[in-house]
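Structural overview for review
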Amino acid sequence: MEIKINHDLISLDKAFTEYFKEIVKRKSHVAVALSGGSTPKSLFVYWAQNHREDIPWRDIRFFWGDERCVPPADVQSNYKMAKDSLLDFVPVPKENIFRIEGENNPLEEAKRYACVLKNELEIENNLPVFDLIMLGMGDDGHTASIFPHEIDLWDSPDWCVVATHPESGQKRVSLSGSVINNARNVAFLVTGSSKAKKIEEIIGSHQTSKELYPAARINPVSGSLTWFVDEEAVKFL
Ligand code: 6PG
């Protein structure tokens, strides 16, 4: 596990961009799973404003690690956030965008998306392999859309699961832990002091953290794990 501490969001965006460029230049048709939430939005805007030409957008296939069960035009949609901040500004072919269809019945969509992964990704260890999975972490230690109150979903034999937001009750479709840990590269993007306590528990490897927090269960089978954090998020380390 590598931890890259950045002074602020813009330096994190720049550091992550160099990391991302390294991954996408290794092979063609790389498969990247995007995370949702607010942290990656700054990165997407940075890419749209500064990296339209020097990243091989036409050669990247975009998937999602999780999605809220809302229509694609809904302001809560992770797809909409990526479309509005990045995908509308860079030349990613439509056929390279594999969104989770939040407007569908959640259980049916979890099955459908698992079929998409089977059809589109290489299979290793009997699991789909992403070249890169980007993740965020909630203040409660959730990641993707696996929340602490449903932490057993992490070990589901299904590749995609239906989760429930603990406060809003909103249904989500999420990759499960086995798919996430089967990726060649996993990158956490975590910023802000509200994440500092969980980061200290998780990176500080408090044994109980793995029992409590899905984000503590990220442990790629053979891939790399890199935390991109700002100084606020690691102030207790
Ligand atoms: C989502 C994300 C979720 C997010 C964390 C952190 O659908 O909300 O996938 O896992 O990454 O909640 O969100 P912030 O980046 O907004 O703190």
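Preceding this paragraph is the structure being described.
This write-up is about the structure you can find in this document. All of these numbers come straight from a predicted model, not from anything done at the bench.

Summed over the entire model, instances satisfying the criterion amount to 0 disulfides. Free of any disulfide, Cys69 has its nearest cysteine sulfur in Cys160, 11 Å distant. Counting only cysteine sulfurs, Cys115 is the nearest neighbor of Cys160, a cysteine outside any disulfide, at a range of 9.2 Å. Accessibility expressed as a relative area gives 6% for Cys160, which makes it buried.

As a further point, take the pattern of salt bridges. The full count for this structure, using the stated rule, is 18 salt bridges. One salt bridge connects Arg112 with Glu101, and the closest N-O pair in it is separated by 3.6 Å. In this pair, Arg112 is assigned in helix H4 (residues 106-120) and Glu101 in the loop between helix H3 (78-87) and H4, connecting sequence segments 11 residues apart. A relative accessible area of 24% means that Glu101 is categorised as partly exposed. Between Glu232 and Lys235 there is a salt bridge, with the nearest N and O atoms lying 3.9 Å from each other. Relative accessible area serves as the criterion here: at 41%, Glu232 is assigned to the partly exposed category. You can call Lys235 partly exposed: its relative accessible area is 45%. Sharing partners across several salt bridges, the network here consists of Lys27, Glu122, Glu124, Asp131 and Arg184.

On to the packing of helix H1 (residues 9-24) against helix H2 (residues 39-50), then. Between H1 and H2, whose axes approach to 10 Å, the crossing angle comes to 70 degrees. Taken together, the axes of H1 and H2 lie roughly perpendicular to each other. Here H1 runs over H2; the crossing is right-handed. On the side of H1, the interface is formed by Leu9, Ile10, Asp13, Lys14, Phe16, Thr17 and Phe20, while H2 contributes Ser42, Leu43, Tyr46 and Trp47. Split by residue class, the contact of H1 with H2 holds 7 nonpolar, 2 polar and 2 charged.

Here Arg172 shows up in strand E9 (residues 171-175). Buried charged residue Arg172 carries no salt bridge. Nearest counter-charge: Asp66, at 4.1 Å. Reaching out from Arg172, the side chain makes a polar contact with the side chain of Gln170 at a distance of 2.8 Å. Aside from chain neighbours lying at most four places away, what touches Arg172 is Asp66, Glu67, Arg68, Cys69, Ser145, Phe147, Val161, Val162, Ala163 and His165.

For the rest of this paragraph, the subject is the pairing of E9. Two faces, one strand: in a regular strand the side chains alternate between the faces of the sheet. The buried fraction of E9 amounts to 4 of the 5 residues, a majority that puts the element mostly inside the structure. Looking at chain direction, strand E4 (residues 66-68) and E9 are connected through 3 bridges and run antiparallel. Bridging from a neighbouring strand, Glu67 pairs with Val173 of E9. Bridge analysis of strand E8 (residues 160-164) against E9 gives 5 bridges, and the strand direction is antiparallel.

As a further point, take the packing of aromatic side chains. According to the stated counting rule, one finds 14 aromatic pairs in the structure shown. When the centroid spacing of 5.0 Å and the interplanar angle of 80 degrees are considered together, the rings of Phe16 and Phe228 count as edge-to-face. Of the two residues, Phe16 is situated in helix H1 and Phe228 in strand E11 (residues 224-230); the sequence distance between them amounts to 212 residues. In this pair, the class of Phe16 matches that of Phe228, namely buried. Taken together through their ring pairs, the aromatic side chains of Phe16, Tyr19, Phe20, Phe44, Trp47, Trp57, Phe62 and Phe228 make up a single cluster. Here the guanidinium or amino end of Arg99 rests over the ring plane of Tyr79, the centre of that ring lying 5.5 Å away.

For the rest of this paragraph, the subject is the packing of H2 against H3. Packing of H2 against H3 brings their axes to within 8 Å, and their N-to-C directions diverge by 30 degrees. Looking at the two axes, H2 sits roughly parallel to H3. Contacts from Pro40, Lys41, Phe44, Val45, Trp47 and Ala48 in H2 reach Met81, Ala82, Ser85 and Leu86 in H3. Residue classes in the contact of H2 with H3 are distributed as 8 nonpolar, 1 polar and 1 charged.

Calculation criteria
Residues numbered from 1 in each chain as written. Predicted model: local features only at pLDDT ≥ 70, side-chain atom pairs only at ≥ 80, totals over all residues. Heavy atoms only, no water. Disulfide = S-S within 2.5 Å. Buried < 20%, exposed > 50% of the residue type's maximum accessible area, 1.4 Å probe, protein only. Salt bridge = Lys/Arg side-chain N within 4 Å of Asp/Glu carboxyl O. Helix = DSSP H or I, 4+ residues; strand = E, 2+ residues; numbered from the N terminus. Axes fitted to C-alpha atoms, helices over the stretch in contact; angles between N-to-C directions. Parallel < 35°, antiparallel > 145°, perpendicular 65-115°, else oblique. Left-handed = near helix turned anticlockwise from the far one by under 90°. Contact = heavy atoms within 4.5 Å. Nonpolar A, V, L, I, M, F, W, Y, C, P; charged D, E, K, R; others polar. Lys, Arg positive; Asp, Glu negative; His and termini not counted. Polar contact = N/O pair within 3.5 Å; in protein donor to acceptor, adjacent residues only side chain to side chain. Pairing = 2+ DSSP bridges. Phe/Tyr/Trp six-rings, centres within 6.5 Å; stacked < 30°, edge-to-face > 60°. Lys NZ or Arg CZ within 6 Å of the ring centre and 35° of its normal.

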